[in-house]
Amino acid sequence: MSKFTAQLVDDYADKLLIGLTREENASVLNEFDIIEANMNKINDIAGLSSVEPMTHPFEIEFELREDLPDESDSIEQLLQNCEKKEGREVEVPKVVGE
Amino acid sequence: MKTVLELRELLDTNQVTSQALVDEALVLAHQNQEKCNSFVTILDDAKGNHEKKSLLSGIPYVIKDNFSTTGILSTGSSNTLKNYIPFFNATVIEKLKEAGAVPIAKSTMDEFGMGGTGTTGHTGIVKNPWDPSRMTAGSSAGSAACVAAGVVPFALGTDTGDSIRKPAAFCGIVGYKPTYGLISRYGLFPFASSLDHVGVLTRSVEDACATIDVMKGMDERDQTSLDSSTMHLLDSLTGDIKGKKLFYIKNLLELDAYEKVSDSLKSTFAQFESTLDLLRNAGAIVEGIEFDMVLLNAIPTTYVCISCAEATSNLSNMTGFSFGSRGEGSTYIESMKNHRTLGFSPLIKRRFVIGSYVLQKENQEKFFLNAQRVRRLVVDKMNELFKHYDAMIMPCSEGVATKLEQAGNMLQNDLLEVLENHMVIGNFGGFPSITIPNGMIEELPIGVNITGKVLDDENILNIAYTLEAKMSYKNQIAKEVN
């Protein structure tokens, strides 16, 4: 029997501020079972825990650029795709409680 | 529509004008839109460019809708960005602009690149120009469909798993993903940053070289971009591959290994064998090697764990506040949740939940970090093989594009899933990788893929170029068969 439940899936979705329909939830549950089964096989690979996790396709030497002042984007540009704004500010629902 | 190099010749000898090419491309784009739904936006006011600055000057092309384009709708094929208009160009768009190429449309894709079917974009599914009842594959679905239909000679694509190379195969064209970092990702909507590549879809290997020659280069706004100034892709093509050594993964190409053997799988393998003969006749050495089955079987899940985790993080800025469509709600949490719940498609939501799960503190070691460890083992194995071989050659899929009603993005648990997804190895290691047409099965195209070691792009392109010359699919335009 699967260790995953619809409630668990909803909890993870909720952490991302995403709501799932019943069908979407069922679809995730099914895929979790496949991932879990495959990862269990992967975890049996000898010496896996001593392998350095790979975060990038190959080693790259990063060079920091000179720390020089630069023109920033204008507030008008940054706000041009904002649906609700007031002057030069983004309008948001009340954040602080009563 | 001819190839880039053919059009260059016509433009240089005044047999055609750039405006005429652009006008023709726009007419074809509207026809293609009716049939395949390749585009989110068609730029009807596009103007020809008559000043010659490069090989690409005056030539029309198409941009995948996940590149930022100044003043042009850029949606990533997502409802969350259905009205988003950037105020800057991605670096690659700026380079093409400086080279004088003319964008005529932005193409439909799987939402934010997260899909392999071309069916999850917010403006509807993309249909295969060879057979509209079939998928193109994705995520660069519209780019593949419009190049295959002859609307333009080249289109931009992006590739995180096989998103350029698989649709190229199913549409009978060329799809090239250069070495990771060869092209700047600045201004590209990110999916999984450690796997995302920019590339191109064309109808010839020469065109793939000519276009990437223009697009590549270091960019101070992308720390992962590489210096490739000594690399000249088009000029390096020789058509000589005598003595080159290629390998294929034998244990993925044995019919006995599969539970169900379809006629399509048999035909794919038979056609692949014929292609190997062509390489051998050209003087190349081709050998089968055994790849650790445990690692091979781990590839699809490894990809899902890494890509979903990175996507979950990359797209956490989709709140609907400072950009994107604002969600309803009396609190900011409600508003954000509505924006994300109603804006993202079911597939994306599924991937985010998986990403969230594998990133949880209690699950990270078993899922995310172990996936990253498997990635290293696979890449190390490939790099070991590349010490002895110039490239890997493999079929792109088990057969032709599936019917749309069978197109799914669910992870399966069998060897066919590995065969279908093996090209992600190219993303794990940042390896240059190109798909070219490899003939037909029941009048529908299939592809063959060539992958090489990092920064050895010239070598794999030359192998592809030599093979292309021995087949009859160069500049192939889709002919509707059903």
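Here, every reference points to the structure presented above.
Residues numbered from 1 in each chain as written. Chains lettered and ligands numbered in written order. Predicted model: local features only at pLDDT ≥ 70, side-chain atom pairs only at ≥ 80, totals over all residues.

Q: Quick rundown of the overall build of chain A? Include the residues and the values.
A: Scanning chain A from terminus to terminus reveals 3 helices and 2 strands. Starting at the N terminus, the α and β elements of chain A follow one another as α-α-α-β-β. Referenced to the eigenvectors of the C-alpha coordinate spread, the extents of chain A come out at roughly 55 × 45 × 25 Å. (Helix = DSSP H or I, 4+ residues; strand = E, 2+ residues; numbered from the N terminus.)

Q: Quick one: what's the story with the overall build of chain B, residue by residue and with numbers?
A: Of the regular secondary structure elements, chain B holds 14 helices and 13 strands. Across its three principal directions, the C-alpha atoms of chain B cover 70 × 65 × 45 Å. Across the 482 residues of chain B, 60% fall into the buried class. The long-range fraction of contacts in chain B, counting pairs at least 24 apart against all pairs at least 6 apart in sequence, stands at 77%. (Buried ≥ 20, exposed ≤ 12 C-beta atoms within 10 Å, placed from the backbone. Contact = placed C-beta atoms within 7 Å.)

Q: Talk me through the interface of chain A and chain B; I want residue IDs and the actual numbers.
A: The partner chain B presents 56 residues to the 44 residues of chain A that form the contact. When contributions to the side of chain A that touches chain B are tallied by element, the ones reaching two or more residues are helix 1 (6–15) and helix 2 (22–42) of chain A. Take the side of chain A that touches chain B: its biggest share by element is 11 residues, from helix 2 of chain A. Looking at the side of chain A that touches chain B, its residues break down into 27 nonpolar, 9 polar and 8 charged. (Nonpolar A, V, L, I, M, F, W, Y, C, P; charged D, E, K, R; others polar.)

Q: Which residues make up the nonpolar core, and what values go with them?
A: Residues and elements named next belong to chain B. Residues Val 152, Leu 201 and Ala 464 are the most contacted members of the largest nonpolar core, which totals 158 residues. In terms of residue count, helix 8 (residues 293–314) provides more of this core than any other element does, 10 residues in total. Residue contacts for Val 152: discarding those within four places in its chain leaves Met 1, Ala 25, Pro 60, Tyr 61, Val 62, Ile 104, Cys 146 and Val 147. (Core = buried A, V, L, I, M, F, W, Y, C linked by C-beta atoms within 7 Å.)

Q: Break down the packing of helix 1 of chain A against helix 10 (residues 346–359) of chain B for me, citing the residues and quoting the values.
A: The description of two helices packed together rests on the angle between their axes and the distance between the axes. As a packed pair, helix 1 of chain A and helix 10 of chain B sit with axes 9 Å apart at the nearest point and diverge in direction by 95°. Taken together, the axis directions place helix 1 of chain A and helix 10 of chain B in an arrangement best described as roughly perpendicular. Of helix 10 of chain B, the residues touching helix 1 of chain A (which contributes Val 9, Tyr 12, Ala 13 and Lys 15 of chain A) are Lys 349, Val 353, Ser 356 and Tyr 357 of chain B. (Axes fitted to C-alpha atoms, helices over the stretch in contact; angles between N-to-C directions. Parallel < 35°, antiparallel > 145°, perpendicular 65-115°, else oblique.)

Q: Give me the environment of Ser 236 of chain B: which residues, what numbers.
A: All names here are of chain B. With respect to the helices and strands, the residue Ser 236 is situated in the loop between helix 6 (205–215) and strand 9 (245–249). Judged by C-beta crowding, with 15 C-beta atoms within 10 Å, Ser 236 ranks as partly exposed. Here the alpha-carbon distance between Ser 236 and Glu 24, two residues 212 residues apart in the chain, equals 32 Å. Filtering out sequence-adjacent residues up to four positions away, Ser 236 remains in contact with Glu 458 and Asn 462.

Q: So, the pairing of strand 8 (residues 197–202) of chain B: which residues are in play, and what are the values?
A: Residues and elements named next belong to chain B. Counted residue by residue, strand 8 has 6 buried out of 6 residues, so it is predominantly covered. Residues His 197, Gly 199 and Leu 201 point to one face of strand 8 and Val 198, Val 200 and Thr 202 to the other, with burial holding for every one of them. Relative to strand 8, strand 6 (residues 154–159) is paired through 6 bridges, and the arrangement is antiparallel. Pairing of Gly 157 across the sheet is with Gly 199, part of strand 8. Bridge count between strand 7 (residues 174–177) and strand 8: 3 bridges; the pairing is antiparallel. Opposite Gly 175, over in strand 8, you have Leu 201 as the bridge partner. (Pairing = 2+ DSSP bridges.)

Q: Quick one: what's the story with the sheet that holds strand 3 (residues 102–107) of chain B, residue by residue and with numbers?
A: All names here are of chain B. Strand order in the open sheet made by the 11 strands is 1-3-2-6-8-7-12-13-11-9-10, with mixed pairing throughout. Of all strands in the sheet, those bounded by a partner on one side alone are strand 1 (39–42) and strand 10 (285–289). The average angle at which neighbouring strand axes cross in this sheet is 30°, direction not considered. Bridging between strand 9 and strand 11 (residues 391–395) involves 2 bridges; their strand directions are parallel. The partner of Phe 247 across the bridge, within strand 11, is Met 392. Packed onto the sheet, helix 4 (residues 141–148) meets strand 1, strand 2 (60–64), strand 3, strand 6 and strand 8 and runs at close to 150° relative to strand 6.

Q: An account of helix 7 (residues 263–281) of chain B is needed here, citing residue identities and associated values.
A: Residue and element names in this part refer to chain B. Here helix 7 spans 27 Å end to end across 19 residues, near enough to the 27 Å set by a 1.5 Å rise per residue. The complete set of buried residues in helix 7 reads Leu 265, Thr 268, Phe 272, Thr 275 and Leu 279. Angularly, the buried residues of helix 7 cover 85° about the axis, an arc narrow enough to put them on a single face. Exposed residues on helix 7 whose side chains face more than 90 degrees from its buried face are Asp 263, Ala 270, Glu 273, Ser 274, Asp 277, Arg 280 and Asn 281. Residues of helix 7 that are buried make contact with strand 9, strand 10, strand 11, strand 12 (433–441), strand 13 (444–452) and helix 14 (457–469). Two residues or fewer after helix 7 comes Gly 283, characterised by a positive phi angle close to 100°. (Expected span 1.5 Å × (residues − 1). Arc of directions from axis to C-beta.)

Q: Break down the pairing of strand 5 (residues 131–135) of chain B for me, with residues and values.
A: Residue and element names in this part refer to chain B. Sheet topology places strand 4 (residues 127–128) next to strand 5; 2 bridges connect them, and they run antiparallel. By the bridge assignment for strand 5, Lys 127 is matched with Met 135. If you look at the hairpin formed by strand 4 and strand 5, you'll find 2 residues sitting between the two strands.

Q: Any details on the environment of Ala 144 of chain B? Residues and values, ideally.
A: Residue and element names in this part refer to chain B. Along the polypeptide, Ala 144 turns up in helix 4. Take Ala 144: there are 38 C-beta atoms within 10 Å of it, and that puts it in the buried class. Between the C-alpha atom of Ala 144 and that of Phe 154, which follows or precedes it by 10 residues, the distance is 9.0 Å. Non-local contacts of Ala 144, meaning those with residues more than four positions away in its chain, are made with Thr 136, Pro 167, Ala 168, Cys 171, Ile 173 and Leu 201.

Any functional reading would require information beyond the geometric quantities listed.
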